[in-house]
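# Structural characterization, general
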Number of protein chains: 2
Amino acid sequence: MQDSHGTSVPTGQNVFTADGIRAVIVGLGAMGCGIARLLLERGVEIVAAADTDPAKEGRDLGEILELGEKTGVAVGTVEEAAGAAAEIALLATSSFVREVRPEILRLVASGKNVISIAEEMAYPQAADPETAAELDAAAGDRGVTILGTGINPGFVLDTLILALTGPCTKVDAVKARRVNDLSPFGATVMATQGVGVPPEAFRQGVGEGRITGHIGFRQSVRMVADALGWKLDEIAETREPIVSTVVRETPRIRVDPGMVAGCNHTARGIVAGRAVITLEHPQQVSPHLEGVETGDYIRIEGVPQAVDMVISPEIPGGVGTTAMAVNMIPHVLAAPPGLTSMLDLPLPRAWSGDSVPDLG
Amino acid sequence: MQDSHGTSVPTGQNVFTADGIRAVIVGLGAMGCGIARLLLERGVEIVAAADTDPAKEGRDLGEILELGEKTGVAVGTVEEAAGAAAEIALLATSSFVREVRPEILRLVASGKNVISIAEEMAYPQAADPETAAELDAAAGDRGVTILGTGINPGFVLDTLILALTGPCTKVDAVKARRVNDLSPFGATVMATQGVGVPPEAFRQGVGEGRITGHIGFRQSVRMVADALGWKLDEIAETREPIVSTVVRETPRIRVDPGMVAGCNHTARGIVAGRAVITLEHPQQVSPHLEGVETGDYIRIEGVPQAVDMVISPEIPGGVGTTAMAVNMIPHVLAAPPGLTSMLDLPLPRAWSGDSVPDLG
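The rules behind each value
Residues numbered from 1 in each chain as written. Chains lettered and ligands numbered in written order. Predicted model: local features only at pLDDT ≥ 70, side-chain atom pairs only at ≥ 80, totals over all residues. Heavy atoms only, no water. Axes fitted to C-alpha atoms, helices over the stretch in contact; angles between N-to-C directions. Helix = DSSP H or I, 4+ residues; strand = E, 2+ residues; numbered from the N terminus. Parallel < 35°, antiparallel > 145°, perpendicular 65-115°, else oblique. Contact = heavy atoms within 4.5 Å. Nonpolar A, V, L, I, M, F, W, Y, C, P; charged D, E, K, R; others polar. Buried area = accessible area lost by both parts, 1.4 Å probe. Salt bridge = Lys/Arg side-chain N within 4 Å of Asp/Glu carboxyl O. Polar contact = N/O pair within 3.5 Å; in protein donor to acceptor, adjacent residues only side chain to side chain. Pairing = 2+ DSSP bridges. Buried < 20%, exposed > 50% of the residue type's maximum accessible area, 1.4 Å probe, protein only. Expected span 1.5 Å × (residues − 1). Bend = angle between axes of the 7 residues up to and from the residue. Core = buried A, V, L, I, M, F, W, Y, C linked by side-chain atoms within 4.5 Å. Least-squares fit on C-alpha atoms with pLDDT ≥ 70 in both.

## Details of the packing of helix α4 (residues 97-109) of chain A against helix α6 (residues 129-142) of chain A
Packed helices, taken two at a time, are described by the angle between their axes plus the distance between the axes. All names here are of chain A. With their axes 10 Å apart at the nearest point, α4 and α6 run at an angle of 10 degrees to one another. Considered as vectors, α4 and α6 are oriented roughly parallel to each other. Residues V97, R101, I104, L105, V108 and A109 of α4 touch α6, and the partners they reach there are T131, E134, L135, A138, A139 and R142. Split by residue class, the contact of α4 with α6 holds 8 nonpolar, 1 polar and 3 charged.

## A short note on the interface of chain B and chain A
Interface extent is often summarised as the accessible area lost during association of the parts. Chain B puts 71 residues into the contact, and the matching count from chain A is 71 residues. For the pair chain B and chain A, the two sides together bury roughly 5700 Å², of which 64% comes from carbon and sulfur. In terms of surface lost to chain A, no three residues of chain B exceed B:P167, B:T169 and B:L347, which account for 11% of the buried area on that side. Applying the counting criterion to the chain B and chain A interface returns 0 salt bridges. Seen at the junction of chain B and chain A, the total is 11 residue pairs in polar contact (both at pLDDT 80 or more).

## Here we look at the sheet that holds strand β3 (residues 75-76) of chain B
All names here are of chain B. Reading across the sheet, the 7 strands line up as β3-β2-β1-β4-β5-β6-β15 and stay open at both edges, with parallel pairing between neighbours. Because the sheet does not close on itself, it has two edges, and the strands there are β3 and β15 (338-339). Two elements, strand β4 (residues 88-91) and strand β5 (residues 113-116), share 4 bridges in a ladder whose sense is parallel. Directly across from A89, in β5, lies its bridge partner V114. The strands touched by helix α1 (residues 30-41) within the sheet are β1 (22-26), β2 (45-50) and β4, with β1 carrying the most contacts at an inclination of about 165 degrees.

## Some thoughts on the sheet that holds strand β3 (residues 75-76) of chain A
All names here are of chain A. Judged by pairing direction, the sheet is parallel, and its 7 strands sit side by side in the order β3-β2-β1-β4-β5-β6-β15 without closing on themselves. Of all the strands in the sheet, just β3 and β15 (338-339) have a single pairing partner and so form its edges. Direction of pairing for strand β6 (residues 145-148) relative to β15: parallel, over a ladder of 2 bridges. Within β15, the position partnered with I146 by the bridge is L339.

## A short note on the pattern of salt bridges
Residue and element names in this part refer to chain A. Counted by the stated rule, this structure contains 34 salt bridges over all chains. Across the pair E237 and R239 runs a salt bridge, and its minimum N-O distance is 3.7 Å. For R239, a relative accessible area of 28% translates into the label partly exposed. Linking R299 and D308 is a salt bridge whose minimum nitrogen-to-oxygen distance equals 2.6 Å. The exposure class of D308 is partly exposed, given its relative accessible area of 30%. Through salt bridges with shared partners, a single network forms among K175, R299, E301 and D308.

## Here we look at helix α4 (residues 97-109) of chain B
Residue and element names in this part refer to chain B. The terminal C-alpha atoms of α4, which comprises 13 residues, lie 17 Å apart, in line with the 18 Å expected from a rise of 1.5 Å per residue. Its maximal kink placed at E103, α4 deviates by approximately 25 degrees. Of all the positions in α4, only V97, V100, E103, I104, L107 and V108 are classed as buried. Two residues or fewer after α4 comes G111, characterised by a positive phi angle close to 90 degrees.

## Comments concerning the nonpolar core
Counting residues in hydrophobic clusters, the biggest one holds 146 residues, and the most contacted among them are A:L90, A:L164, B:L90 and B:L164. In this structure, A:L164 is in contact with A:I298, A:I300, A:V307, A:M309, B:F155, B:L160 and B:I311, ignoring residues within four places of it in sequence.

## A closer look at the relation of the copies chain B and chain A
Note on the copies: chain B fits chain A at an RMSD of 0.0 Å, the axial shift is 0.0 Å, and the rotation between them is 180 degrees. Overall, the copies show the geometry of a two-fold rotation axis. Across chain B, the smallest distance between a C-alpha and the rotation axis is recorded for B:P346, namely 2.0 Å. Taken together, the interface assignments show that 100% of the residues at the interface of chain B recur at the interface of chain A, consistent with an identical surface on both copies.

Written as structure tokens, this is what we have:
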């Protein structure tokens, strides 16, 4: 089947390969570097790379990625990346629609399809419907497609939930929980989740907006509600401290008993006073020390009475986000122009460009 | 976003409702009746119904469905159903492409989109690429879309597997198992799974093609392989008797120790002598009597090292197939003309046509 961009969807008859696909990568933090490495591994040519960090400016991308060899691509500005001829731009700079808006508009104006891992871009109509409409119009005019994706939002607490409603004749309620371990993460994540502080400091941090918990809940709740056709009265969020009863120690941080090990962030989509969508994302260091198993848990209630899904341990966030961004490239290239979402595209799947799996 | 048929995809801005959607139902066995009931529950108008059983001919659909009231629709022939004006035909007659081909071609010629639950139609290019091409051309010419779907093939051992590869940067192998309980099923299913016979009669039945095991494995294996871009050397299937060590008794059948409780059917997609896709579907009566829990189990190996998913108990087959057929209607109405598949359409999801869930 031919698509509007002249490429083919990967349905076997027309296996997607990276041949001739040129990418630019914008944002070379941990996620952006992961995406860049995966692009190169899959055989996608990276023709430009951008970052605002002066320490990276002008350096070879191969050096930033610690590849052990040069790529011939020097880190430059978004403006320079927009100037390069490429089919797709991967954007990994910020979590917020308002912050990525100018970058996306610039990349779209240069004729590039855009995949963003900004959490709010998974469903930008939730945080900022006006910007969503602006992006849709800009992409439509230029004949390119914009997608926001990632592990969460983008997969676990929205796409996967919805897929599991497919074999249900009736859905009364959706309940899901993603339990992860923050131990591998750095200082920024520890601070935004309130790890290591006393409970009263946690509450103050939440009040002042410094302790944010998970970014993307409103997007996931709206995606689920909209796809099921439900009109919610409100989305209610809570951020509670996970107070440790034991010593939890990681290479970066020590949490003593009575101190906060993380943030239990929940979001509920409410109709007539009842939570019809309940999403929980307790993020903490070393949950196993208190007997909590990490995992992704989804329960759809209705007919059948319940579809109860467990993925344990949870799908890792870093690898998952990297994979979703790169795996959605064929679908984005094949999509109609405009702002799209995981709701509108064919189901995500891995592609390798090789005709056989790695038989290692 | 407007689609090629003038209807809208259900992304919240444009919630799909059954208003103005007219359906015909062809095949009024257990599955067809379930689909018809769900269509009416969702507010889809059924304008014609067909079945080849003389005992059903001419009777009111409401009587066949045991609704307690008449629908004004008398059961007729496929030819009569084709003559009715409708947007969509739901087909639940046979498992095989060669058997549903004439019915689909007739319904397509009458300008109807078609959703079939024939197992082989989930990916007809696997069993019969020539007929698949013929159906694609016929639907393309008439501007309508054909989809095969169901719980399996159609969801558990293909669509859901692929979705779970989305957050993987690398896939080395896919292993999945659907363990169900045949106890609710009738005489036909017991016979095709070899329930209650001695092991030697089971082997003879497999050899003679009377004991078929699961229909749809080649379709699922090919969907997974094609979507991942893998070229398989072969697909190998085995059908082994599940010999009971205890008495297993259902309202319909008694299985004594040493007799066959069901069929353990497996399919492997092989590359260079290695099974890169392994699907197992042991179907038996009362597996819990030997400590076997029913469930849907999927394991993706690669990077991350494993995504291990469990849905236990398994998603029930009857409800699941009914739901998939009806839930895919909006996607089929919105799809480009031709033969499509679960690989090409947006992810499945439930729709109700109501703007709020049932608050019981």
